Amino acid sequence: TQQSRKTKPRLIAVVKSILAAGIGVQSDKNRTRDFEQGNPLVFIIGGIVFTLLFIASIATVIGFVLSN
C-alpha cells in the first residue's frame, strides 16, 4: 500500500542495512527500500560510525597480535 511505503525504516532495519552494505551483501530489495523510504543523512552517519568502529576493531586486533 501507499502508506506502508512512506513509513520510515525502524532503527533495527537501518542498522541491518548499514551492516549488510558494509560487508557487501545488501539485497537489491533492501537497497531500493532504503533509497525510497530512508533519510540519507541517517545512512551516511551510520556508515561513517560503522567504518570508524570497523577500523578501530581491526586496529585493536592487530595491536593484540603484534604485542604477543
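Residues numbered from 1 in each chain as written. Predicted model: local features only at pLDDT ≥ 70, side-chain atom pairs only at ≥ 80, totals over all residues. Heavy atoms only, no water.

Caption draft 1: Examining the overall build of the chain more closely. Per the secondary structure count, the chain includes four helices and zero strands. Ordered by position from the N terminus, the helices and strands of the chain form the series α-α-α-α. Sorting the 68 residues of the chain into buried and exposed places 15% on the buried side. (Helix = DSSP H or I, 4+ residues; strand = E, 2+ residues; numbered from the N terminus. Buried < 20%, exposed > 50% of the residue type's maximum accessible area, 1.4 Å probe, protein only.)

Caption draft 2: Focus on the packing of helix α2 (residues 11-23) against helix α4 (residues 40-67). At a minimum axis separation of 10 Å, α2 and α4 run at an interaxial angle of 55 degrees. Taken together, α2 and α4 sit at an angle that is classed as oblique. Remark: the crossing between α2 and α4 carries right-handed chirality. Contacts between α2 and α4 involve V14, S17, I18, L19 and G22 on the former and, on the latter, V42, F43, G46, G47 and F50. In terms of residue class, the contact of α2 with α4 is made up of six nonpolar, four polar and no charged. (Axes fitted to C-alpha atoms, helices over the stretch in contact; angles between N-to-C directions. Parallel < 35°, antiparallel > 145°, perpendicular 65-115°, else oblique. Left-handed = near helix turned anticlockwise from the far one by under 90°. Contact = heavy atoms within 4.5 Å. Nonpolar A, V, L, I, M, F, W, Y, C, P; charged D, E, K, R; others polar.)

Caption draft 3: Main features of the confidence of the model for the chain. Residues with a pLDDT of 70 or more make up 91% of the chain, whose mean pLDDT is 86. When the elements of the chain are averaged for pLDDT, helix α1 (residues 2-6) gives the smallest value, 53, and α4 the largest, 94. (pLDDT = per-residue confidence, 0-100.)

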